[in-house]
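# Residue-level structure breakdown
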Amino acid sequence: MPELAAIFRYPIKSCRGRRVSAARLDRFGIEGDRRYLIVDGGGRFITQRETPALARIEVEETATHLRLRAPGAEPVCIPLAAAGESRTRREVTIWRDTVTADDLGEPAATWLSRYLGTPARLVTTGKAFHRPIARAPGHETAFADAWPLLVLSEASLQALNERLARPVPLDRFRPNLLV
């Protein structure tokens, strides 16, 4: 019988995640998971695949701010919108999907652009955000690659690592649930 071994949440897609002891689900999967996305100057998503430095960005959340930290950079606090406050909307592309996201402003863009060495902005899901799952009509996801919950089994990771000359760690797959 499979057992849940761990739960992980990644507030910003491609940045560091955290193991959590419990999580609530909403229409996008685990609450707060991959609700923020870093995009380039053209609005296209940036991931660890092409920008490994994202893996070093730590995200701390409070009810009112996101705090970003990374080696060699001063931390930055990014205010989250207060109830009723509006943000600039921006069309962004993640894989083949173009969605409307809320831009988190200049402090986030400046910090990310300096740290990554290329123009970058931080966006989030907002009231206008909608990203349906083509193979699951009536369902949607936030900024995860394809599905609201990403699952990895310890057995499959072990089987893969037995075949590799250099084992890969669990966090390479960035699952929400480890079974």
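That block above? That's the structure.
Our subject in this report is the structure included herewith. (Residues numbered from 1 in each chain as written. Predicted model: local features only at pLDDT ≥ 70, side-chain atom pairs only at ≥ 80, totals over all residues. Heavy atoms only, no water.)

Moving on, we get to the layout of surface pockets. Empty space among the atoms becomes apparent when a probe as large as a water molecule is rolled across them. Of the volumes computed, that of the second largest pocket is approximately 290 Å³. Per-class residue counts for the lining of the second largest pocket are six nonpolar, one polar and five charged. (1 Å grid on protein atoms, 1.4 Å probe; cavity = no way out; pocket = protein on both sides within 12 Å on 5 of 7 lines; lining within 4 Å. Points joined across faces, edges and corners; volume = space filled by probe spheres on them. Nonpolar A, V, L, I, M, F, W, Y, C, P; charged D, E, K, R; others polar.)

Moving on, we come to helix H1 (residues 106-116). Quick reminder: α-helices carry 3.6 residues per turn. Residues three or four places apart thus point the same way. Within the sequence span of H1, burial applies to Ala108, Ala109, Trp111, Leu112, Tyr115 and Leu116. Where H1 is buried, its residues touch strand E5 (36-40), strand E7 (65-70), strand E8 (73-79) and strand E11 (120-124). Looking at the residues trailing H1, positive phi occurs at glycine 117, about 75°. (Buried < 20%, exposed > 50% of the residue type's maximum accessible area, 1.4 Å probe, protein only. Helix = DSSP H or I, 4+ residues; strand = E, 2+ residues; numbered from the N terminus. Contact = heavy atoms within 4.5 Å.)

All right, on to a nonpolar patch on the surface then. On the surface, a cluster of nonpolar side chains totalling about 420 Å² of accessible area is made up of Leu4, Leu25, Leu149, Val151 and Val179. Following the sequence through the fold, valine 179 ends up in the segment after strand E13 (177-178). (Patch = residues over 30% accessible without salt bridge, like charges linked within 9 Å, V, L, I, M, F, W, Y side chains within 5 Å. Areas by Shrake-Rupley, 256 points an atom, 1.4 Å probe, with all protein chains shown as cover. Salt bridge = Lys/Arg side-chain N within 4 Å of Asp/Glu carboxyl O.)

So, about the pairing of E11. Summarising burial for E11: five of the five residues are buried, a large majority. Of the two faces of E11, the one holding Ala120, Leu122 and Thr124 and the one holding Arg121 and Val123 are both buried throughout. Bridge count for E5 against E11 is five bridges, and the pairing is antiparallel. Bridged to valine 39 within E11 is arginine 121. Taken together, the two bridges between strand E10 (residues 97-103) and E11 define a ladder with antiparallel strand orientation. Bridging across to E11, aspartate 103 finds its partner in valine 123. (Pairing = 2+ DSSP bridges.)

Turning next to the nonpolar core. In this structure, Ile38, Ile57, Leu68 and Leu122 are the most contacted members of the largest nonpolar core, which totals 22 residues. At the level of secondary structure, the elements contributing two or more residues to this core comprise E5, E7, E8, H1 and E11. Considering each element in turn, this core owes the most residues, five residues, to H1. Look past the residues within four positions of isoleucine 38 in its chain and what remains in contact with it is Ile12, Cys15, Arg44, Phe45, Ile46, Leu54, Leu112, Leu116, Ala120, Arg121 and Leu122. By size, the runner-up hydrophobic cluster in this structure holds 12 residues, among which are Phe28, Val99, Val123 and Phe129. (Core = buried A, V, L, I, M, F, W, Y, C linked by side-chain atoms within 4.5 Å.)

Looking now at unusual backbone geometry. Notably, serine 14 is not glycine yet its phi reads approximately 75°, a positive angle. When you line up the elements, serine 14 lands in the loop between strand E1 (6-9) and strand E2 (18-20). Phi is positive for tryptophan 95, close to 55°, though the residue is something other than glycine. By relative accessible area, tryptophan 95 is classed as partly exposed at 36%.

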